[in-house]
Amino acid sequence: MLHTVPKVKENHDLKSESKARISRLQARLRQEDVDGALLPYSVDLYYFTGSRQNGVLWVPAEGSPLHLVRKSYTRALSESAVTEVRPFPPSSGFSGLLNPKARRIGLTFDVMPVQSYRFYKGVLPGREFIDISAINRELRSVKSAFELHLMRVSAGKLCEVFSQVPGFLKPGMRELDLAAEFEFRLRKSGHEGYLRMRAFNQETTGLAAAGESAATPGCFDGPIAGRGLSAAAPFGPSASVIRENVPVVVDYGVAVNGYMVDMTRIFVIGSPAPHVRKAFDAAVDIQAWLAGNLRAGKIWEELFLGAARMAQAAGLGDYFMGYPGEQAKFVGHGVGLELDELPVLAPRFRLPLRAGHTIAVEPKFVFPGLGAVGIENTYAVSDSACEKLTPFPDDLVCL
């Protein structure tokens, strides 16, 4: 093992976490003059209750929360950190569970299907529904010491599998074989398999792609999509054989207890071309500059613009952050229970970093017909500096 990590803390910590999270949400609801929040989305349910069973959490601006569960009620009873857990009621009885004075009710419009919205509008007539998506995402973006501990556990597992790649990456291996071997080892280590994303129509399990395949444009909202196996799954590893002397991109996250970190490393069977080495060195320099500025108070947009200027100064601006003309509009994204949390280091985000923000920084370059190259690590922001949560060498590894 590269390093040891502390044992995951006991469930009582999750209960105290849940109580603190709900208290912070209630304070924000009162601040925005919202009488309560209904949270049906599975990841939000897990965040606030410690159980992602199918149901909804009612959080009044004042008073005790109520966890209503469709399935499995039995399991939610044993998992939920919320004191009052009940079976989900018939539609006719739903309104009676809420204080009749609760007129302005918060919902997370960013993830709520229209059908679900219509259901709650039907069972709660006369209420005004308020979008609290921004409040929820802002609260979840700041990680506690407990959450950072869980992310370090995930990072230890991911770094360990990355350290094994030189032992199983061989000439003649398909991208799919490399991905399968990497994912097999991740799962054996305790990876839960899910890399959840909040964005509509975005999904991933990770990426292993080489050469031209890694430089294929795609629908995934990131700098490198991969060719994938078909038009139905047009991202990720393909069945192409990995050739010598081309960059092999291995980009994966791992989740333990729901919390994930994200990493990318580059491998070459043979020797990298000069443009690969130049771009990789530029990516590492950009990452170092960003890491040196990941501290509370720094503006998200300014960090992106500084990284873009460095790419331009290196003569690589046209290839920065994706296929030319289709580049991703960020250089770093928040991670935690989802792969696309706040903050996002991107244009038009004139917001300051806060202590507790966790960010996957990923400066990358894509050269059509040739390949892709870059680096990615996950960092935790503090008041004066940042912590690299993925403590693994940033080298371009030649085999």
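Residues numbered from 1 in each chain as written. Predicted model: local features only at pLDDT ≥ 70, side-chain atom pairs only at ≥ 80, totals over all residues. Heavy atoms only, no water.

**Examining the overall build of the chain**
Within the chain one finds 11 helices and 17 strands. Principal axes of the C-alpha set define a box for the chain whose edges measure 70 × 40 × 40 Å. Restricting to contacts in the chain with at least 6 residues of sequence separation, those with at least 24 account for 67%. Per element, the accessible surface of the chain, about 16,900 Å² overall, is 53% carbon and sulfur. Distance between charge centroids for the chain: 5 Å, based on 45 positive and 42 negative side chains. (Helix = DSSP H or I, 4+ residues; strand = E, 2+ residues; numbered from the N terminus. Contact = heavy atoms within 4.5 Å. Areas by Shrake-Rupley, 256 points an atom, 1.4 Å probe, with all protein chains shown as cover. Lys, Arg positive; Asp, Glu negative; His and termini not counted. Charge placed at Lys NZ, Arg CZ, Asp CG, Glu CD.)

**Points about the pairing of strand β12 (residues 358-361)**
Along β12, one buried face is formed by Thr358 and Ala360 and the opposite face, lined by Ile359 and Val361, is buried too. Two elements, strand β10 (residues 332-334) and β12, share 3 bridges in a ladder whose sense is antiparallel. From the neighbouring strand, Gly334 faces β12, where its bridge partner is Ile359. Here β12 pairs with strand β15 (residues 377-381) via 4 bridges, running antiparallel. In the sheet register, Ala360 faces β15, and the bridge partner there is Thr378. (Buried < 20%, exposed > 50% of the residue type's maximum accessible area, 1.4 Å probe, protein only. Pairing = 2+ DSSP bridges.)

**Things to note about the environment of Phe280**
As for its placement among the helices and strands, Phe280 is situated in helix α10 (residues 274-293). By relative accessible area, which is 4% here, Phe280 ends up buried. Residues Phe280 and Phe365, spaced 85 residues apart in sequence, show a C-alpha to C-alpha distance of 8.2 Å. Sequence-distant contacts of Phe280, defined by excluding residues within four places in its chain, comprise Ile266, Val373, Gly374, Ile375, Asp394, Asp395 and Leu396.

**Describing the packing of aromatic side chains**
Summed over the entire model, instances satisfying the criterion amount to 14 aromatic pairs. Look at Tyr319 and Phe367: their rings are 4.8 Å apart centre to centre, the planes differ by 40°, and that puts the pair in the tilted class. Linking Tyr319 in the loop between α11 (300-313) and β10 with Phe367 in strand β13 (residues 364-367), this pair joins segments that are 48 residues apart in sequence. With a relative accessible area of 29%, Tyr319 lands in the partly exposed category. (Phe/Tyr/Trp six-rings, centres within 6.5 Å; stacked < 30°, edge-to-face > 60°.)

**Observations concerning the nonpolar core**
Of all hydrophobic cores here, the largest spans 62 residues; its most connected members are Leu158, Leu178 and Phe182. It is helix α7 (residues 145-168) that provides the largest number of residues to this core, a total of 11 residues. For Leu158, the contacting residues outside a window of four places in its chain are Phe182, Leu186, Tyr252, Gly253, Val254, Val261, Asp262 and Met263. Grouped together as the second largest cluster of nonpolar side chains are 44 residues, Ala279, Leu294, Val344 and Ala346 included. (Core = buried A, V, L, I, M, F, W, Y, C linked by side-chain atoms within 4.5 Å.)

**What about the pattern of salt bridges?**
Considering all chains together, one arrives at 27 salt bridges under this definition. Across the pair Asp110 and Arg198 runs a salt bridge, and its minimum N-O distance is 2.6 Å. With a gap of 88 residues between them, Asp110 in the loop between β5 (104-107) and α5 (114-123) and Arg198 in the loop between α8 (175-189) and β7 (207-210) connect regions that are remote in the sequence. Classification of Asp110 as partly exposed rests on a relative accessible area of 34%. Each of Asp44, Asp110, Arg140, Lys143, Arg198, Glu338 and Glu341 takes part in salt bridges that share partners, so that together they form one network. (Salt bridge = Lys/Arg side-chain N within 4 Å of Asp/Glu carboxyl O.)

**Re the side chain of Glu17**
Tracing the backbone through its elements, the reader meets Glu17 in helix α1 (residues 11-31). Among residues more than four places away in sequence, those in contact with Glu17 are Ser144, Phe146 and Glu147.

**Quick notes on the sheet that holds β12**
With antiparallel pairing, 5 strands are arranged side by side in an open sheet as β11-β10-β12-β15-β16. What marks the edges here is a single partner per strand, and that holds for β11 (341-345) and β16 (386-388). Taking each pair of neighbouring strands and ignoring which way they run, the sheet shows an average axis angle of 25°. (Axes fitted to C-alpha atoms, helices over the stretch in contact; angles between N-to-C directions.)

**Observations concerning the environment of Ser95**
Within the fold, Ser95 resides in the loop between α4 (91-94) and β5. Residue Ser95 is classed as partly exposed on the basis of its relative accessible area, which comes to 24%. A sequence separation of 222 residues divides Ser95 from Gly317, and the C-alpha atoms of the two residues are 56 Å apart. Those residues in contact with Ser95 that sit more than four places away from it in its chain are Val123, Leu124 and Arg127. Polar side-chain contacts of Ser95 include one of 3.4 Å to the side chain of Arg127. (Polar contact = N/O pair within 3.5 Å; in protein donor to acceptor, adjacent residues only side chain to side chain.)

**Observations regarding α8**
Between its terminal C-alpha atoms α8 stretches 21 Å, which fits the 21 Å expected from 15 residues at 1.5 Å a residue. Buried within α8 we find Glu175, Leu178, Ala179, Phe182 and Leu186. Buried residues of α8, seen end-on, are gathered within an arc of 95° and therefore sit on one face of the element. Against α7, β7, α9 (211-214) and β8 (247-256) lie the buried residues of α8. (Expected span 1.5 Å × (residues − 1). Arc of directions from axis to C-beta.)

**Quick word on the sheet that holds β8**
Strand order in the open sheet made by the 4 strands is β7-β8-β9-β17, with mixed pairing throughout. Looking along the sheet, the strands with just one partner apiece sit at the ends: β7 and β17 (397-398). In this sheet, β17 lies alongside strand β9 (residues 259-268) in parallel orientation, the contact comprising 2 bridges. From the neighbouring strand, Phe267 faces β17, where its bridge partner is Val397. Against the sheet, α7 touches β8, β9 and β17, its axis set at about 20° to β9. This element, α8, spans β7 and β8 of the sheet and lies at about 25° to β8.

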